[in-house]
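# Fold and contact review
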Amino acid sequence: MPKRLRPLTGLDALFVYLESMGTPMHVASLIRLVPAARQRRGFAKALREHLIARLAEVPMLRRRLIEAPMALGHPLWQEIDAFDPDLHVRNLTLPKPGTERQLHALIARLHAVELVRTRPLWEVVVVDGIAGGDVAVYLKSHHALVDGQAGVQVMGALLDGEPRPLQRQKANQPAIDVVPPPPNAVARAALRASAKQFSAMLRGVPEGVRRIAAGARGVADAGRAGLQSLRDSVWLAPRTPFNVQLGAGRRFAAESLPLADVKRVAKHFQVSLNDVVMTLCAGALRAHLARRDELPDLPLIAAMPVSLRTPGVEGGNEVSMVQCPLSTNNADPVEQLLAIAAATRQIKGRVAEFKGLLPTDFPGVAAPIWATGVSRLWQRGRLSERLPPLANLVISNVPGPPVRLYLGGAVVSHFHPVSIVTHGLGLNITVMTYAGSLEIGIVSAKETLDRPESLTRGMRSTLAKLLKAAA
């Protein structure tokens with residue numbers, strides 16, 4: 001395989017194919033900076049140069065997508081020497097008065113735009129003009145390139161543990177002259193990758209059969225109760241306003257909650273931090289749907305990403321998805337919390353048991369044809385509105401840095417995640433811990449939730465109720 005070609009795994013490539021549905025497949029971060037008074041004049045412009053210098057050192061950001069000829073395999077990454085900073089890093093200024101609502105509306109517009117496939121799949125926007133003198137950095141990258149954990153690794157190259165001076169872009173940047181590899185070299189690389197993926201899949205069959213057979217014997221030994229448990233392990237979600245076909249517009253809201261309060265609740269009720277996060281979401285969703293007289297009798301189901309990443313592995317996606325019932329049919333937040341904690345304990349046991357069988361790769365021969373075709377059929381046939389939903393929304397919890405960080409010498413005050421919505425899953429709540437804060441980013445579509453800030457208020461209200469109960 002040519003040295004500068006790297007095949008995508010099946011899971012990475014799937015995010016490329018899913019864009020055929022007309023929904024962008026990139027994730028992002030909204031980083032808020034508080035420059036010192038002496039830094040503010042010209043800080044945003046200088047920060048752009050600093051970001052270019054830092055990002056040039058991140059290898060995964062110098063990968064360009066190459067399609068395999070004749071659908072012989074998944075797309076491949078071509079390693080290039082440098083990126084064109086004018087195409088990837090830009091500055092924008094909010095119009096006066098520069099409110100939070102204006103900033104969130106700008107992020108929503110930026111997040112609705114697909115990345116250009118002919119260049120490395122990421123971009124950065126530095127935003128100034130924010131009331132109070134803050135500066136924001138919006139960094140987005142295609143999900144084929146990074147998942148949540150890999151995104152934190154990229155941020156490690158940008159951020160500092162102490163206020164260091166701004167770096168300048170090197171004057172003698174290498175020439176931006178991307179030469180596409182010969183088609184026959186791409187074809188050979190794609191075929192070799194597909195053969196390797198077939199081989200890995202076949203090697204995993206005996207272990208998979210053994211594990212499944214062992215599970216089947218356990219079910220047989222348990223009799224009817226075991227069979228009922230197996231059937232109960234996959235739920236159908238009730239239909240909600242979030243499970244519809246999406247248009248092009250996006251909405252965004254952000255909130256920050258004290259991490260100490262969340263931990264206090266978790267410790268008092270002897271549950272995990274993630275259980276409390278899920279309950280905050282459940283309380284907010286119940287209140288929102290009840291106000292609109294759209295609360296289903298059955299509990300909402302959240303799709304919850306589970307990291308399968310091996311320590312030391314960089315880039316790409318090592319993640320699967322599980323279902324988690326949210327107990328939204330229960331009005332008491334404490335009872336909600338205990339029910340969610342019981343459900344997540346069961347989920348963790350199943351994931352631990354079958355982690356080695358959860359696929360993150362599959363062979364790529366003909367995949368660009370059938371996977372893209374299925375994605376287009378899903379969109380054009382509006383299948384998300386015709387088939388029973390397996391989940392109502394996505395809730396993701398990403399561990400982040402526990403200490404205060406700096407970017408370009410300015411303190412990072414907030415670190416909000418910005419994630420993906422798609423047809424049938426038109427609401428995404430992603431949280432990340434950062435420096436004593438629970439940073440929340442909510443993405444929705446106009447069709448599913450026009451004012452996602454209503455959920456941030458609901459999460460804050462639910463936390464207050466849980467704290468009162470814990471007291």
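Quick caveat: nothing in here was measured; it's all calculated off a predicted structure.

## Remarks on helix 2 (residues 43-55)
Counted at 1.5 Å a residue, the expected span for helix 2 with its 13 residues is 18 Å, and the 18 Å between its end C-alpha atoms agrees. Of all 13 residues making up helix 2, 11 are buried, and the element is well covered by its neighbours. Within the span of helix 2, buried status applies to Phe 43, Ala 44, Ala 46, Leu 47, Arg 48, His 50, Leu 51, Ile 52, Ala 53, Arg 54 and Leu 55.

## Topic: the sheet that holds strand 2 (residues 26-34)
Strands belonging to one sheet form pairs held by backbone hydrogen bonds; the direction of such a pair is parallel or antiparallel. With respect to topology, 6 strands assemble into an open sheet ordered 5-6-7-2-13-12, the strand pairing being mixed. Each of the sheet's edge strands pairs with one partner strand only, and the pair in question is strand 5 (89-93) and strand 12 (406-407). Pairing geometry for strand 5 and strand 6 (residues 122-128), over 5 bridges, is parallel. Counterpart to Val 89 in the pairing with strand 6 is Val 124. Contacting strand 2, strand 5, strand 6, strand 7 (135-142) and strand 13 (410-418), helix 4 (residues 100-111) crosses the sheet at an angle of about 150° to strand 2.

## Considering the confidence of the model for the protein
Averaged over the protein, the pLDDT score is 86; the fraction of residues at 70 or greater is 83%. Note that residues 215-231 has pLDDT below 50 and, in this model, 2 contacts with residues that lie over four places away or in other chains.

## Considering the pattern of salt bridges
This structure, assessed with the given rule, holds 19 salt bridges. A salt bridge links Lys 140 to Glu 123, with the nearest nitrogen and oxygen atoms 3.7 Å apart. With Lys 140 in strand 7 and Glu 123 in strand 6, this pair connects stretches of sequence that are 17 residues apart. Accessibility classification places Lys 140 together with Glu 123 in one group, the buried group. The structure contains a network of salt bridges with shared partners spanning Arg 54, Asp 160, Glu 162 and Arg 164.

Parameters at a glance
Counting of residues starts from 1 at the beginning of each chain's written sequence and follows it residue by residue. Whole-chain, interface and lining totals are the exception, using all residues; otherwise, since this is a predicted model, local features are given only for residues with pLDDT of at least 70 and side-chain atom pairs are given and counted only at 80 or more. No hydrogens and no water enter the side-chain calculation; it runs on all heavy atoms of the structure. Segments assigned H or I by DSSP are reported as helices when at least four residues long, segments assigned E as strands when at least two residues long, and all are numbered from the N terminus. By this rule the span expected of a helix is its residue count minus one, scaled by 1.5 Å. Each residue's exposure class comes from its accessible area (1.4 Å probe, protein chains only) as a fraction of the maximum for that residue type: buried when under 20%, exposed when over 50%, partly exposed otherwise. Strands qualify as paired when DSSP identifies two bridges or more between them. A contact between two residues is defined here by any heavy atoms of the two lying within 4.5 Å. Lines fitted to C-alpha atoms define the axes, with helix axes restricted to the stretch in contact, and inter-axis angles between N-to-C directions lie between 0 and 180 degrees. Per-residue confidence from the predictor is reported as pLDDT, a score between 0 and 100. By definition, a salt bridge exists where a carboxyl oxygen of Asp or Glu is found within 4 Å of a side-chain nitrogen of Lys or Arg.

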